[in-house]
Amino acid sequence: MAFTLRQLRFFAAAADAGSVSGAARALSISQSSVTEAIRALEDDLGVILFERRARGLELTHKGGLFLRHANQILDDVSQARSAFRDETEAVAGQLSLGVSSLVAGYVLSDLLSRYRRGWPAVEIAAMEETGDYLQHLLIGGELDVAVLFTSAIRDRAPLNIETLLVSPYRLWLPQGHRLAAAEAISPEDLASEPFISLMVDEIEEGARRLMAGLSARPRVVFRTRSVEAVRSLVATGAGVAVMPGLVYRPWSLEGDRIEIRDVSGDLPTVSVGLAWRKGAPLSAPARNFIRTAQGALPFRGSP
């Protein structure tokens, strides 16, 4: 059977009103819509639901039997909707959320969008800080949850930590760069390249560890705290960059293309996830945020 809830509603309204016109008025729709829905329902069921009479509609015996089923289905759907609506509306309160700067630009908006759809009554207070300071606020009970680079957390003992996304470092190149056509790129191939360095969170430290292992010390031509500046400088040929795939986008703000390539060897990775204080009871808004993040950021590697 392939009947729809819409057909059931129209059928039930016609049975209550005793006429197509009465059902159309009650539903604020056209009479033809009611007529077509009832005809389609009869065709699907293979039975006649109404006797058409001059004074209106009269349920057949099978129509009366089906009306009980239709009303039960419509009641069940209404109760299911009400149960979820009541659950969502009942969970109000506040959520104190922390986020590190780079994570804020690439992960937070999707998480908050999903969370607000599910828990619209919760008042959210979000703040952006360094990873170290977010850990301090969590331990002090000033934040419920933080979204940050979990790979950069040094003192893990007082925190519950859940990593949800792992992003390896990749090489960013301007379009047409000599290495873009290489079948394989090794760390040693980067030794003679000018580097653009991002000084944000643990990103600079990861790139520094990579460059420290090279036989020749690479030349850093520009240091910046702006990902967009790195994008623009790489795209225009000022240098190359080694950055987590998490923050890669193929175009600069000026519309220039940026290529991305793997580098062989043991490159660093960054991990993004959640942290909250051990031993502290979680509020319903905080528990629901953690569940939302777990569903939105299933453990995976970034491009």
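A brief look at the structure comes next. This structure is a prediction, so every number in the text was calculated from the model and none was measured. (Residues numbered from 1 in each chain as written. Predicted model: local features only at pLDDT ≥ 70, side-chain atom pairs only at ≥ 80, totals over all residues. Heavy atoms only, no water.)

### Points about the overall build of the protein chain
Okay, so step 1: Regarding its fold elements, the protein chain presents nine helices and 11 strands.
Okay, so step 2: Scaling as 2.2 N^0.38, a compact globule of 303 residues should have a C-alpha radius of gyration of about 19 Å, whereas the protein chain reaches 30 Å, well beyond that.
Okay, so step 3: Counting every position in the protein chain, which comprises 303 residues, the buried fraction comes to 45%.
Okay, so step 4: Charge-centre separation for the protein chain: the mean point of 33 positive side chains lies 3 Å from the mean point of 35 negative side chains. (Helix = DSSP H or I, 4+ residues; strand = E, 2+ residues; numbered from the N terminus. Rg over C-alpha atoms; globule rule 2.2 N^0.38 Å. Buried < 20%, exposed > 50% of the residue type's maximum accessible area, 1.4 Å probe, protein only. Lys, Arg positive; Asp, Glu negative; His and termini not counted. Charge placed at Lys NZ, Arg CZ, Asp CG, Glu CD.)

### Some details on the nonpolar core
Okay, so step 1: Core analysis: the biggest nonpolar cluster contains 58 residues, and Val147, Leu171, Trp172, Met243, Leu274 and Phe289 have the highest contact counts within it.
Okay, so step 2: Here the element with the most residues in this core is helix H5 (residues 101-118); it accounts for eight residues.
Okay, so step 3: In terms of nonpolar packing, the next biggest core, distinct from the first, is built from 21 residues, Val47, Leu49, Phe50 and Phe66 among them. (Core = buried A, V, L, I, M, F, W, Y, C linked by side-chain atoms within 4.5 Å.)

### Observations regarding the pairing of strand E5 (residues 145-149)
Okay, so step 1: Within E5, five of the five residues are buried, which leaves the element mostly enclosed by the surrounding structure.
Okay, so step 2: With three bridges joining them, strand E3 (residues 94-99) and E5 adopt parallel strand pairing. Looking at E5, one finds that valine 99 is bridged to valine 147. (Pairing = 2+ DSSP bridges.)

### Topic: the pattern of salt bridges
Okay, so step 1: Per the counting criterion, the structure on display carries eight salt bridges.
Okay, so step 2: Put simply, arginine 154 and aspartate 132 hold a salt bridge, and the shortest N to O gap is 2.9 Å. In this pair, arginine 154 is assigned in the loop between E5 and strand E6 (159-174) and aspartate 132 in helix H6 (residues 131-139), connecting sequence segments 22 residues apart.
Okay, so step 3: The exposure class of arginine 154 is exposed, given its relative accessible area of 67%.
Okay, so step 4: Among the residues examined, aspartate 132 registers a relative accessible area of 45% and is labelled partly exposed.
Okay, so step 5: One salt bridge connects glutamate 228 with arginine 231, and the closest N-O pair in it is separated by 3.2 Å. Linking glutamate 228 with arginine 231, this pair stays in helix H8 (residues 227-235), spanning three residues, or about one helical turn.
Okay, so step 6: Taking relative accessible area as the criterion, glutamate 228 reaches 29% and is therefore assigned partly exposed. (Salt bridge = Lys/Arg side-chain N within 4 Å of Asp/Glu carboxyl O.)

### Re the environment of valine 200
Okay, so step 1: Mapped onto the secondary structure, valine 200 falls in the loop between strand E7 (194-198) and helix H7 (203-212).
Okay, so step 2: With a relative accessible area of 8%, valine 200 lands in the buried category.
Okay, so step 3: A sequence separation of 94 residues divides valine 200 from tyrosine 106, and the C-alpha atoms of the two residues are 13 Å apart.
Okay, so step 4: Residues in contact with valine 200, not counting those within four places in the same chain, are Ser101, Leu102 and Arg225. (Contact = heavy atoms within 4.5 Å.)

### With respect to the side chain of histidine 177
Okay, so step 1: Tracing the sequence through the fold places histidine 177 in the loop between E6 and E7.
Okay, so step 2: For histidine 177, a relative accessible area of 16% gives the class buried.
Okay, so step 3: For histidine 177, the side chain forms a polar contact with the side chain of glutamate 193, separated by 3.1 Å.
Okay, so step 4: For histidine 177, the contacting residues outside a window of four places in its chain are Glu193 and Val240. (Polar contact = N/O pair within 3.5 Å; in protein donor to acceptor, adjacent residues only side chain to side chain.)

### Description of the packing of aromatic side chains
Okay, so step 1: If you walk through the whole model with that rule in mind, you get five aromatic pairs.
Okay, so step 2: When the ring of phenylalanine 11 is compared with that of phenylalanine 50, the centres are 5.4 Å apart and the planes differ by 55°; the resulting orientation is tilted. Taken as a pair, phenylalanine 11 in helix H1 (residues 5-17) and phenylalanine 50 in strand E1 (residues 50-53) lie far apart in primary sequence, 39 residues in all.
Okay, so step 3: Residue classification places phenylalanine 50 among the buried positions, given a relative accessible area of 2%.
Okay, so step 4: When the centroid spacing of 5.5 Å and the interplanar angle of 70° are considered together, the rings of tyrosine 115 and phenylalanine 289 count as edge-to-face. Here tyrosine 115, found in helix H5, pairs with phenylalanine 289, found in helix H9 (residues 284-296); they are 174 residues apart in sequence, far enough to count as distant. The pair tyrosine 115 / phenylalanine 289 is uniform in exposure class, with both members buried.
Okay, so step 5: What links up through ring pairs into an aromatic cluster is the set Phe3, Phe11, Phe50 and Phe66.
Okay, so step 6: Cation over ring: arginine 257 sits above tryptophan 251, and NZ or CZ is 5.2 Å from the ring centre. (Phe/Tyr/Trp six-rings, centres within 6.5 Å; stacked < 30°, edge-to-face > 60°. Lys NZ or Arg CZ within 6 Å of the ring centre and 35° of its normal.)

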